[in-house]
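# Topology and contacts: notes
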Amino acid sequence: MRLNSVVRACLFAVLVGGLVAAPVVGAVGAVGPATPADGASAVAEHRSLVAGSELAQVEPAESTNNSTANASATPPQHEKPDRVEGDRDLQALQSWLQGRMDEYVLECTGELNATQEALCAQRNESYPQWVSQYVTLSEQTDSERDDQTAQAYDEVRRTQQRYSNQTRQFEDLRVAYETARENGNEAQARELARRLAELAGELNTTSATLQTTVRAVGNNTSTDVTPAVEELDRETAVQVAAAEEIRERELTDTRLSVSLNRTRVGFARPVRVRGVLRDETGSAVANQSIRVRVGGQLFSTETDETGQFSLAYRPVLVSADARNLSVAYVPQDSSVYLGSTDSHAVTVEQVTATTTVETDTQTVSYGESVSVATTVAVDGVPVSDAPIDLRATGFDPNRSTMGDSYEMVTGTEGMASVSLVLDSNASVGAQTLAVAGSNETAVAIPAATTTVTVEPTATDLDVTVEDRNESTVVVAGTLATSRGTPISNRTVAFVVGNETVGTATTSENGTFESALPSSAFPDTGTVALGAQFESARGLLEATSATTDIDFGSESSGFPVQAVLLVVGLGVVASGIGVGWWWRRDTGGESGSGVGGASERVTAQSATQQSGESAAVSSDDSTSGPEAEESVSEAIEATLDDAASRIDENPDSAVVVAYEAVRQSLLADFGYGSALNHTELARRVRSDGEKSQADAVDDLVGIYEQVAFAPSGVTNAEASRALDLARELVESS
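Residues numbered from 1 in each chain as written. Predicted model: local features only at pLDDT ≥ 70, side-chain atom pairs only at ≥ 80, totals over all residues. Heavy atoms only, no water.

- The name an unreviewed UniProt entry assigns to the protein chain is DUF4129 domain-containing protein, from the organism Haloferax larsenii.

## A word on the overall build of the protein chain
- When helices and strands are tallied, the protein chain shows 13 helices and 27 strands.
- Buried residues in the protein chain amount to 44% of all 732 residues.
- In the protein chain, of all internal contacts separated by at least 6 residues, the share reaching a separation of at least 24 is 63%. (Helix = DSSP H or I, 4+ residues; strand = E, 2+ residues; numbered from the N terminus. Buried < 20%, exposed > 50% of the residue type's maximum accessible area, 1.4 Å probe, protein only. Contact = heavy atoms within 4.5 Å.)

## So, the nonpolar core
- The biggest cluster of nonpolar side chains holds 53 residues, and the ones touching the most others in it are L390, F395, V443, F494, F521 and L529.
- When we break this core down by domain, the ones giving at least three residues each are domain 3 (351-454) and domain 4 (459-550).
- When near neighbours in sequence (up to four residues on either side) are disregarded, V443 contacts F267, P315, V316, V351, A353, V378, V383 and S438.
- Among the nonpolar cores identified, the runner-up in size contains 34 residues, and V713, L724, A725 and V729 belong to it. (Core = buried A, V, L, I, M, F, W, Y, C linked by side-chain atoms within 4.5 Å. Domains from an automatic or database assignment.)

## Some remarks on helix α11 (residues 677-687)
- All buried positions along α11 are accounted for by H677, L680, A681 and V684. One face of α11 carries all of its buried residues, which in axial projection span an arc of 95°. Facing away from the buried surface of α11 by more than 90 degrees, the exposed residues are R682 and S686. (Arc of directions from axis to C-beta.)

## Description of the environment of V346
- Tracing the sequence through the fold places V346 in the loop between β8 (340-345) and β9 (347-349).
- Given a relative accessible area of 5%, V346 falls into the buried group.
- Counting along the chain gives 25 residues from V346 to D321, while the straight-line C-alpha distance between them is 9.7 Å.
- Every residue in contact with V346, bar those within four places of it in the chain, is listed here: L260, T263, V265, A322, R323, N324 and L325.

## Quick look at the sheet that holds strand β1 (residues 254-260)
- Ordered in space as β1-β3-β6, the three strands form an open sheet in which the pairing is antiparallel. The open sheet has two edge strands with one neighbour each: β1 and β6 (308-313). Across the sheet, the axes of successive neighbouring strands diverge by a mean angle of 25°, strand direction being ignored.
- Bridge analysis of strand β3 (residues 271-279) against β6 gives six bridges, and the strand direction is antiparallel. The residue bridging G275 from the neighbouring strand is F309, located in β6. (Pairing = 2+ DSSP bridges. Axes fitted to C-alpha atoms, helices over the stretch in contact; angles between N-to-C directions.)

## Topic: the pairing of strand β27 (residues 543-550)
- A one-sided burial pattern is seen for β27, the buried positions being T543, A545, T547 and I549 and the unburied ones S544, T546, D548 and D550.
- For strand β26 (residues 526-533) and β27, the ladder comprises eight bridges, and the chain directions are antiparallel. Paired with T526 across the strands is D550, a residue of β27.

## What about the sheet that holds strand β21 (residues 459-468)?
- One open sheet holds the three strands; their spatial order is β21-β22-β25, and the pairing between them is antiparallel. A strand with exactly one partner marks an edge of an open sheet, and here the two such strands are β21 and β25 (511-517). Recorded for the sheet is a direction-independent mean angle of 25° between the axes of neighbouring strands.
- For β21 and strand β22 (residues 472-481), the ladder comprises nine bridges, and the chain directions are antiparallel. Counterpart to D462 in the pairing with β22 is T478.

## What about unusual backbone geometry?
- Positive phi outside glycine occurs at N287, with the angle close to 50°.
- Inspection of the secondary structure assignment puts N287 in the loop between β3 and β4 (289-294).
- Judged by its relative accessible area of 55%, N287 falls in the exposed class.

## Thoughts on the pattern of salt bridges
- On inspection of all chains with the given rule, the structure shows 18 salt bridges.
- Measuring nitrogen to oxygen at the nearest pair gives 3.4 Å for the salt bridge that ties E250 to R181. Of the two residues, E250 is situated in helix α6 (residues 226-250) and R181 in helix α4 (residues 144-182); the sequence distance between them amounts to 69 residues.
- The exposure class of E250 is buried, given its relative accessible area of 15%.
- For R181, a relative accessible area of 42% translates into the label partly exposed. (Salt bridge = Lys/Arg side-chain N within 4 Å of Asp/Glu carboxyl O.)

## Describing the packing of aromatic side chains
- Across all of its chains, the model carries four aromatic pairs by this definition.
- Ring centres of Y658 and Y703 lie 4.0 Å apart, and the angle between their planes is 20°; on these two criteria the pair is classed as stacked. Note that Y658 is positioned in helix α10 (residues 650-669) and Y703 in helix α12 (residues 690-708), a separation of 45 residues in sequence.
- Judged by relative accessible area, which is 2%, Y658 ranks as buried.
- On the accessibility criterion, Y703 (1% relative accessible area) is buried. (Phe/Tyr/Trp six-rings, centres within 6.5 Å; stacked < 30°, edge-to-face > 60°.)

Below, the structure is given as structure tokens:
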């Protein structure tokens, strides 16, 4: 079956364009840790080689030097997990995913060196998708164990990332500490020693969590994770011991003793806290400015020559049912002393405060802010250090710590305030602002509310045509309020007649741009392009704008879009896509590859007159058998170039060969582009000649090794694939 030469040329250029969109780097698929045998090339990460081809739909098959038994025995089916049917297919893909994740658990758990970290970072990009696919498959098995396994895999990854981050922070701090010591900076050395001690405690906690989740994976999958757990435990012990050694070298322990003048305490019954602070030898920490935290509230005070101090305390944050009052010495980071605590038995008398809330405006519109202030007092006495939650639906969520809740803390005057920006998706009308505190602390803080009215905002929209070419009409514009405030992250629709032909989303400064398809417009005449904006919640009023586009009249000659389309086809046929691939593949080197810059095509429209029709001419292009011969030569040159690079990358040569044949067969037989490699071979077996089908089967077999097998293909197999491709393309 023969194709029109121009169409064949276009298909070939599309083929090459797809290949250059994601060039092969090393073997297909990411592999495990590099060793002297496999070198740096073993870290190549899988990428889809041809946009829109079946490779874009297949998860990579990875290989490592320490692969588990189930890692590569059976390649995954060419299906998305939610489309896998049949127990055997499901189990095969589930086993493959489990193998990938087990490699991560065993080889990427614990402290990693720079090389291991780089390798595991690549795996980490695919890990979330593996877990997601495993969860999807687990839902099909109706097995609670599979669900637990999927959850454990996900928890391992998240905990390992946290552990790795803490490990890096620990090493950075240790290096900084050693540098400070070498430079004689004692204050900085003590500060870093304190931070190391704190981080060591966090590391120890994270390590225990990680060991638990790794064991859960092992228990659910019958995988021996003992070596990974033991290594993790050993690494953590080394870090904790190092922090302890530094702590003992730089910092001094303290002992705090406190007494109270009464045991029944409350906001209305202040208590006098007296204490004595001594170091680890029993000597007084004398004449020092210190910080003391009592019941969650922080105070500054000073010790005398005997290490004693005294302060007045009104309970606010301590629990109303507390039976002990905790008092802690909180040293400055640069202090030579470590913290210490003591406690005293108490009974807390709870009181209820009076809460008020006010705003600086009664109305607000898009882009405007409102200042909210709240006060808390008990019988006129301001309550400081009281945490307040402000719930303000419809205001900027970026300032929220929990949904529409904003955290504030009262100051010495018992007041807290915050400025809120109206959220761009707020609803029009009265909005309630509510404040409240805890009812379970020494001071119960009841709720208080006020309202502000959100008013609709008028908008302005403008649109212009920025550019036109053979395939698109580029339009741009701005969306803003009537006062000129840019409106971001909103959708503008473009309408021709009564049909929506495209949309655009506004940027932070309210601008937008969109390339609309030329097919949405007539070939000639003046067309009104409308831009429309609508807001579902009514905060921003709807608006629209129109611009006219003149495509000329029929008497002006051959329609401009048709001329440009023919020019585009001619440029593709001249092999420019091939030339780009050649230059990119050779790292920018010049050469005589197909599609050089000298191969250009021009076109011009001839004015229609009596007895004459519009014409399109080309300087260098040819048609008929000559054009088809040129395209065949271009394909041959591409296959020859791939053959010359087999020693560098045999896998990429196979992909080039397969995709050339695939595109040719899809065009020859009129198949849809959704066919994967197995479906394509089956259809050719049904519709083509036996020799052709046999060759396709052989090529697909080699291609599957690249797509799924851990080891890829040999040079001889790659050469065989290229020979098959030449045979199939020449016979089509």
